[in-house]
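# Structural features, examined
If you want the building blocks of each chain, they are given just below.
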Amino acid sequence: MRGIGGVVMETLVDEIGPDIYRLSTYVEQANLVFNQYLLVAEEPLLFHCGARQLFPLVRSAVDRVIPAESLRWISFGHVESDECGSMNEWLAVAPRAEVMYGPLGVMLSLNDLADRPPRVVADGESVDLGGKSVRWIDTSHVPHGWEAGILFEERSETLLCGDLFTASGRQPALSESDIVEPAMAAEAKYHYTALTPNTAPTVRRLADMAPSTLALMHGPAFSGDAPGALAGLAQFYDEELHAAIDRAG
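Residues numbered from 1 in each chain as written. Predicted model: local features only at pLDDT ≥ 70, side-chain atom pairs only at ≥ 80, totals over all residues. Heavy atoms only, no water.

### Describing the overall build of the protein
Definition in use: The numbering of helices and of strands both runs from the N terminus, where a helix is a DSSP run of H or I of at least 4 residues and a strand a run of E of at least 2. Restricting the calculation to C-alpha atoms gives the radius of gyration, and the globule rule supplies 2.2 Å times the number of residues raised to the power 0.38. For every residue, the accessible area obtained with a 1.4 Å probe (protein chains only) is divided by the maximum for its type, and the residue is called buried under 20%, exposed over 50%, and partly exposed between those limits. Contacts are assigned to residue pairs with any non-hydrogen atoms lying within 4.5 Å of each other. Only the protein chains shown count as cover for residues, with accessible areas throughout obtained via the Shrake-Rupley method and a probe of 1.4 Å. Charge counting follows a simple rule: Lys and Arg are positive, Asp and Glu are negative, and His as well as the terminal groups are ignored. In this description, the location of a charge corresponds to atom NZ of lysine, CZ of arginine, CG of aspartate or CD of glutamate.
A tally of helices and strands in the protein yields seven helices and 14 strands. Here the C-alpha radius of gyration of the protein, 17 Å, is about what a compact globule of 249 residues would show, namely 18 Å. Taking the principal axes of its C-alpha atoms as reference, the protein extends roughly 55 × 40 × 35 Å. Every one of the 249 residues in the protein was classed for burial, and the buried ones make up 54%. A separation threshold of at least 6 residues defines the contact pool for the protein, and within that pool the share at least 24 residues apart is 60%. By element, 51% of the accessible surface of the protein is carried by carbon and sulfur atoms, the whole surface being about 10300 Å². Counting 17 positive and 35 negative side-chain charges, the protein places the averaged centre of each group 5 Å from the other.

Set out below in structure tokens:
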């Protein structure tokens, strides 16, 4: 199918865990994969909406798994076009769907941007999807965005971690290969992380949750040592922060 700028693209669908599907589109202009994660449950949830220009591709991918109109929940990591650009297109397709997001993002943006009132979830609050359960975790400014947050699927211990561990290029659906080095290379190229004294501690807090799978937005789903990868990323952010302080004198 044709996506951004009329370029021929496709959205691949892979089951990376029981009833958890990675929908992945490689965008050559950016040399990045853009992933959504579909959680199939009594109340299905889509994490990341995707950009508006990718909506036809992603909707077709969802329809390969479940009818798109059956979606109940939509969520994402922060307010940015590749995360929520097609939010209202999904709300129009799925009449029962609601956006699920943290209070800060709802107050700052989504009360105005979303065509239907969002469902506010507090930090640490769990929502039972029927067969799956997701917990919202506030991660302000990590990796960027004041209102940033993630979801943790508690039964499969899958961390839907947004832009953390961004990697350039085409990526496999599921991998046990190192994801820290590619993330370091992407940081050197894109400088996408907000480095603050809270960056590394926030990532370590995620490691303490002991996830078994990391569902990356711009990379593979990672099924290796997830707490170790998070600890390694936190160490990298500590070093980057201290280097920046040293450069500033």
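So that's the structure; there's more coming.
### Here's the deal with the sheet that holds strand β11 (residues 158–160)
Worth spelling out the cut-off: Strands qualify as paired when DSSP identifies two bridges or more between them. Whenever a helix is involved, its axis is fitted only over the stretch in contact; in every case the axis is a line through C-alpha atoms, and angles between N-to-C directions fall within 0 to 180 degrees.
One open sheet holds the seven strands; their spatial order is β8-β9-β10-β11-β13-β14-β12, and the pairing between them is mixed. What marks the edges here is a single partner per strand, and that holds for β8 (126–128) and β12 (174–175). Those strands touched by helix α7 (residues 226–248) are β11, β13 (213–215) and β14 (221–222), and its axis lies near 55° from that of β13.

### Here's the deal with the packing of aromatic side chains
For any pair of aromatic rings, geometry is given as the distance between the ring centres together with the angle between the planes. Basically, it comes down to this: Centres within 6.5 Å are what make two rings of Phe, Tyr or Trp a pair, Trp counting through its six-membered ring; a difference in plane orientation under 30 degrees is then read as stacked, over 60 as edge-to-face, and the rest as tilted.
In the structure shown here, the tally under the stated rule is four aromatic pairs. For the ring pair Phe55 and Trp90, a centre distance of 4.9 Å and an interplane angle of 80° mean the geometry is edge-to-face. With Phe55 in helix α1 (residues 55–63) and Trp90 in helix α3 (residues 87–93), the pair connects residues that are 35 residues apart, well separated along the chain. Trp90 matches Phe55 in its accessibility class, with the two residues each being buried.

### Concerning the pairing of strand β1 (residues 11–17)
Here is the key point about a regular strand: its side chains alternate between the two faces of the sheet. Where β1 meets strand β2 (residues 20–27), six bridges bridge the pair, whose relative direction is antiparallel. By the bridge assignment, Glu15 is partnered in β2 with Tyr21. Hairpin connection between β1 and β2: a loop of two residues separates the two successive antiparallel strands, and Asp19 in this loop has a positive phi of roughly 60°.

### Regarding α1
The cut-off we apply is this: In this description, one arc is meant: the one made by directions from the helix axis to the C-beta atoms.
Within α1, the full set of buried residues consists of Phe55, Leu57, Val58, Ala61 and Val62. For α1, the arc enclosing every buried residue in end-on projection is 160°, short of the 170-degree limit, so these residues lie on one face. In this structure, the buried residues of α1 make contact with β1, β2, β3 (32–39), β4 (45–47) and α3.

### Digging into the side chain of Thr213
On the secondary structure map, Thr213 appears in strand β13. Here Thr213 falls in the buried class, since its relative accessible area comes to 10%. Once you skip the residues sitting within four places of it in the chain, Thr213 turns out to touch Ile16, Glu157, Thr158, Leu159, Ala221 and Phe222.

### Describing the layout of surface pockets
Note the threshold: Any residue with an atom within 4 Å of a point lines the site, the site being either a cavity, points on a 1 Å grid over the protein atoms alone where a 1.4 Å probe fits but cannot get out, or a pocket, an open set with protein on both sides within 12 Å along at least 5 of 7 lines. Grid points are joined across faces, edges and corners, and a volume is the space filled by probe spheres set on the points. In this classification, the charged set is Asp, Glu, Lys and Arg, the nonpolar set is Ala, Val, Leu, Ile, Met, Phe, Trp, Tyr, Cys and Pro, and all remaining amino acids, among them Gly, are polar.
In this structure, the largest pocket encloses a volume near 230 Å³. What lines the largest pocket is a set of 15 residues, and nearest its centre among them are Glu10, Leu12, Thr25, Tyr26 and Arg170. Elements with a contribution of two residues or more to the lining of the largest pocket: β1 and β2. Residues belonging to the lining of the largest pocket are distributed by class as follows: seven nonpolar, three polar and five charged.

### Regarding the sheet that holds strand β5 (residues 73–75)
Within the open sheet, the seven strands sit side by side as β1-β2-β3-β4-β5-β6-β7. Their pairing is mixed. For this open sheet the edge positions go to β1 and β7 (119–120), each flanked by a neighbour on one side alone.

Function cannot be inferred from these measures alone, as they are strictly geometric.
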